[in-house]
Amino acid sequence: MASIFTQIINGELPGHFIWRDEYAVAIMTIAPIRSGHCLVIPVEEVNHWDDVPEETAAHLMRVSQKVAKGLKAVYQPKRVGVMVAGLEVPHTHIHLIPVEALGDFDFSKQKPADAETLAAEARKIREALMNMGHGEANCG
């Protein structure tokens, strides 16, 4: 059965996209730790991050860097943290989280976000990315 991320990528479930290209998407997480918390996901469904094909893995990191710059522009955090946990969904995904301190990586702080809030956050990030010349952010 397709993962929840594959279903979102295929349009079978709703998602708040901030990036979409042939190999990767970035979406807002429905249970953010902090505003701007998003996920970079390969289109190809691969359970373990260390099994992602090398070229796709490199592409995911390039996309993560670009999205992080959008997050910095919108939220002006001290850092944009990166985490690959892989426990929640059996489809590789990279968490990007605007952070001020190490404690901001605490997944016990996740709270469900409503669709309106996620849509507004996604819109701000897409706009920042498009202003940086990233047409892949024109996906909302």
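Residues numbered from 1 in each chain as written. Predicted model: local features only at pLDDT ≥ 70, side-chain atom pairs only at ≥ 80, totals over all residues. Heavy atoms only, no water.

Draft legend 1. A look at the overall build of the protein. Broken down by element type, the protein carries three helices and five strands. If you list the helices and strands of the protein from N to C, you get α-β-β-β-α-β-β-α. Taken against the 2.2 N^0.38 rule, which gives 14 Å for 140 residues, the C-alpha radius of gyration of the protein at 14 Å falls within 12% of a compact globule. With the principal axes as the frame, the protein shows a C-alpha extent of 35 × 35 × 30 Å. Of all 140 residues assigned to the protein, the portion counted as buried reaches 42%. Contacts in the protein between residues far apart in sequence, at least 24 positions, make up 59% of those at least 6 positions apart. Total accessible area on the protein is roughly 7700 Å²; 53% of this is exposed by carbon and sulfur atoms. (Helix = DSSP H or I, 4+ residues; strand = E, 2+ residues; numbered from the N terminus. Rg over C-alpha atoms; globule rule 2.2 N^0.38 Å. Buried < 20%, exposed > 50% of the residue type's maximum accessible area, 1.4 Å probe, protein only. Contact = heavy atoms within 4.5 Å. Areas by Shrake-Rupley, 256 points an atom, 1.4 Å probe, with all protein chains shown as cover.)

Draft legend 2. A look at the pattern of salt bridges. In the structure shown here, the tally under the stated rule is two salt bridges. For the salt bridge of Arg34 with Asp104, the shortest nitrogen-to-oxygen distance reads 3.6 Å. Separated by 70 residues along the polypeptide, Arg34 in the loop between β2 (24-28) and β3 (38-42) and Asp104 in the loop between β5 (94-99) and α3 (115-131) bring together distant segments of the chain. The partner of Lys124 in a salt bridge is Glu121, and the shortest N-O contact between them spans 3.5 Å. In this pair, Lys124 and Glu121 both sit in helix α3, three residues apart, roughly one turn of the helix. (Salt bridge = Lys/Arg side-chain N within 4 Å of Asp/Glu carboxyl O.)

Draft legend 3. Seen up close, the environment of Asn47. Relative to the elements of secondary structure, Asn47 occurs in the loop between β3 and α2 (54-75). Setting aside residues up to four positions removed in sequence, Asn47 forms contacts with Pro90, His91 and Thr92.

Draft legend 4. Molecular detail of the nonpolar core. In this structure, Ile18, Met28, Cys38, Val40, Val67, Leu71 and Leu96 are the most contacted members of the largest nonpolar core, which totals 22 residues. Looking at this core, the elements that each hand over two or more residues are β1 (17-20), β2, β3, α2, β5 and α3. With five residues, the top contributor of residues to this core is α2. Other than its neighbours up to four places away in sequence, Ile18 contacts Ala26, Ile27, Met28, Cys38, Val67, Ala122, Ile125, Arg126, Leu129, Glu136, Ala137 and Cys139. (Core = buried A, V, L, I, M, F, W, Y, C linked by side-chain atoms within 4.5 Å.)

Draft legend 5. Geometry of the side chain of His37. Within the element layout of this structure, His37 appears in the loop between β2 and β3. Polar side-chain contacts of His37 include one of 3.0 Å to the backbone nitrogen of Ile33. Setting aside its immediate chain neighbours within four residues, His37 contacts Met28, Thr29, Ala31, Pro32, His95, Leu96, Ile97, Pro98 and Phe107. (Polar contact = N/O pair within 3.5 Å; in protein donor to acceptor, adjacent residues only side chain to side chain.)

Draft legend 6. The environment of Lys66, seen in detail. Within the secondary structure, Lys66 sits in helix α2. Judged by its relative accessible area of 32%, Lys66 is partly exposed. In sequence terms Lys66 and Trp19 are 47 residues apart; their C-alpha atoms lie 9.7 Å from each other. Non-local contacts of Lys66, meaning those with residues more than four positions away in its chain, are made with Trp19, Leu129 and His134.

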